[in-house]
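Examination of the molecular architecture
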Amino acid sequence: MNKKKLDKLLSEILTSPWASELYEDGWPYWIQGQQHAKPSKWSHEAERDRNELVRRLRRPAIRCDETEKLAAKLEACSSIDRCLSGACPVCGRAAQKLFVKLTHALLRSDQRIYSTISIVPRKGRFTLPSTKQDLFRRIRKAIEFACDDAGIDVLIGGFDPGVNEHINGAFAPHGQTQLWALGPQLQMISAEKILRKAFPAKGANRRTVRIEEFDGQLNGIAYALKSDFFRRVSIPKARDDDGNVLRRRDTRNRDLRVSQQCDLALALDRAGLGSRLFLRGAEIQMEDAEPRLTLVTRARTARMTKARDRPPS
Ligand SMILES: [Zn+2]
Ligand SMILES: [Zn+2]
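In this text the structure is predicted, and so the values were computed from the model without any measurement.

1. Quick word on the overall build of the protein
- When you go through the protein residue by residue, the secondary structure sums to 9 helices and 14 strands.
- Taking 20 Å as the expected radius of gyration for a compact globule of 313 residues, we find that the protein reaches 20 Å, a close match to that expectation.
- Reported as C-alpha extents along the three principal axes, the dimensions of the protein are approximately 75 × 50 × 40 Å.
- When burial is assessed residue by residue, the protein has 47% of its 313 residues classed as buried.
- Sequence separation of at least 24 residues holds for 71% of the intrachain contacts in the protein that already meet a minimum separation of 6.
- With an accessible surface of roughly 17100 Å², the protein has 50% of that area assigned to carbon and sulfur atoms.
- The positive charge centre, built from 57 side chains, and the negative charge centre, built from 39, are 5 Å apart in the protein.

Right under this line is the structure:
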């Protein structure tokens, strides 16, 4: 499914009566956070975040025609008329809950064990402010290519943008998107070597490909479309007098700076809600007016493309 179609389908789903509960506080919800576990965002928290983003977009130092346009759009988002902006914390939360619900159902109906995978490719780098129409086009292509090479037919996830910085300025701050996804464990394990080759670690000691068995917790699905974005600040390793490592963690997550948050919001709004989704070998389909995430074989995907390209008879 191309990006335009996916955006259209997503807005149809999110504005349908079926989806109104996604904007509320019913299931799905989950526990998130590594150091400080807390429940996933409640609706009033997403609304608070949206109001805060609107305020920030209107700060005198930030404000311009573009930010004002986005601020007005987010401000007008209501239960009667959803804005469906890729930057809206309220609509983004609903899209995340939709993704969790559909993916959870798909995993339950699949006999296979799944793994989570995170990939941090160089092609995921971006600059802020961004002039790109689709912030995730390059990383999407790079990962599709690598999946072709590595024989991965099923990968379900999303793009998570952030900003990398070094505490001493050892490298220039830059945007970096990672893919967070789930795929059948056997495929992930046999693909690992090829993926590492396709996405070599450079400079920073960060692992570019990380595969772990999926523990079944909804957070492992939800993380793909998380709505809080971070600044990863690299910190040199601390050692004691004998050279033993005192501090292992070499990055800290901080909130984005206000200007970064606003620049990212503009880029996400331009890219659209659907652009954060990465669906390979799976499609959202409507069944009895309800959306379902369904596995589609790669061959069938190819045939469907051909059928679509054929002129109508
Ligand atoms: Zn501006
Ligand atoms: Zn909205």
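2. Thoughts on the pairing of strand 5 (residues 155-166)
- For strand 5, the tally of buried residues reaches 12 of 12 residues, placing the bulk of the element in the interior.
- By the bridge criterion, 4 bridges tie strand 5 to strand 12 (residues 277-280) in an arrangement that is antiparallel. Bridging from a neighbouring strand, G157 pairs with F278 of strand 12.
- With 4 bridges connecting them, strand 5 and strand 8 (residues 230-234) associate as parallel partners. Considered in strand 8, the bridge of V163 is made with R231.

3. Here's the deal with the coordination of the zinc ion (ligand 2)
- Each protein donor to the zinc ion (ligand 2) is listed here as C77 (SG), C83 (SG), C88 (SG) and C91 (SG); together their distances run 2.3 to 2.4 Å.
- For the zinc ion (ligand 2), the 4 donor atoms in the first shell make angles of 98 to 117° at the metal, so the coordination geometry reads as tetrahedral.
- Considered as a linear motif, the donors of the zinc ion (ligand 2) on their single chain read C-x5-C-x4-C-x2-C. A residue pair is termed long-range when its members are at least 10 positions apart, and C77 in the loop between helix 3 (65-75) and helix 4 (89-109) and C91 in helix 4 qualify at 14 residues.
- For C77, a relative accessible area of 5% corresponds to the buried category.

4. With respect to the pattern of salt bridges
- Tallied over the entire structure, the rule returns 22 salt bridges.
- Between E165 and R257 there is a salt bridge, with its nearest N and O atoms 2.9 Å apart. Of this pair, E165 sits in strand 5 while R257 sits in the loop between strand 11 (251-255) and helix 8 (258-271), and the two are 92 residues apart along the sequence.
- Sharing partners across several salt bridges, the network here consists of K41, R48, D49 and D228.

5. As for unusual backbone geometry
- Put simply, W27 and P28 share a cis peptide bond, and its omega is 5°.
- With respect to the secondary-structure elements, P28 resides in the loop between helix 1 (3-14) and strand 1 (31-32).
- With an omega of -5°, the peptide bond between L128 and P129 qualifies as cis.
- Within the element layout of this structure, P129 appears in the loop between strand 4 (125-126) and helix 5 (137-150).
- Its identity as a non-glycine residue notwithstanding, L84 has a phi of 55°, on the positive side.

6. Points about a positive patch on the surface
- A surface patch of positive charge is lined by K123, K132, R137, R138 and K141.
- Inspection of the secondary structure assignment puts K132 in the loop between strand 4 and helix 5.
- For K132, a relative accessible area of 40% puts it in the partly exposed group.

7. Quick look at helix 2 (residues 43-57)
- Under the 1.5 Å per step criterion, the end-to-end length of helix 2 is 21 Å for 15 residues, consistent within 8% with the ideal 21 Å.
- For helix 2, the set of buried residues is S43, E45, A46, D49, R50, L53, V54 and L57.

8. What about the packing of helix 2 against helix 3?
- Where helix 2 contacts helix 3, the two axes come as close as 9 Å, and the packing angle between them is 155°. When the axis of helix 2 is compared with that of helix 3, the two are roughly antiparallel. Relative to helix 3, the crossing made by helix 2 is left-handed. When helix 2 is examined against helix 3, the residues R50, L53, V54 and L57 are found in contact with a partner set consisting of T67, L70, A71, L74 and E75.
- Residue classes in the contact of helix 2 with helix 3 are distributed as 6 nonpolar, 1 polar and 2 charged.

Quick notes on the rules
Residues numbered from 1 in each chain as written. Chains lettered and ligands numbered in written order. Predicted model: local features only at pLDDT ≥ 70, side-chain atom pairs only at ≥ 80, totals over all residues. Heavy atoms only, no water. Helix = DSSP H or I, 4+ residues; strand = E, 2+ residues; numbered from the N terminus. Rg over C-alpha atoms; globule rule 2.2 N^0.38 Å. Buried < 20%, exposed > 50% of the residue type's maximum accessible area, 1.4 Å probe, protein only. Contact = heavy atoms within 4.5 Å. Areas by Shrake-Rupley, 256 points an atom, 1.4 Å probe, with all protein chains shown as cover. Lys, Arg positive; Asp, Glu negative; His and termini not counted. Charge placed at Lys NZ, Arg CZ, Asp CG, Glu CD. Pairing = 2+ DSSP bridges. Donors = N, O, S within 2.8 Å, 3.2 Å for Na, K, Ca; no water. Tetrahedral: all angles 85-135°; square planar, octahedral: opposite > 155°, others 65-115°. Salt bridge = Lys/Arg side-chain N within 4 Å of Asp/Glu carboxyl O. Patch = residues over 30% accessible without salt bridge, like charges linked within 9 Å, V, L, I, M, F, W, Y side chains within 5 Å. Expected span 1.5 Å × (residues − 1). Axes fitted to C-alpha atoms, helices over the stretch in contact; angles between N-to-C directions. Parallel < 35°, antiparallel > 145°, perpendicular 65-115°, else oblique. Left-handed = near helix turned anticlockwise from the far one by under 90°. Nonpolar A, V, L, I, M, F, W, Y, C, P; charged D, E, K, R; others polar.

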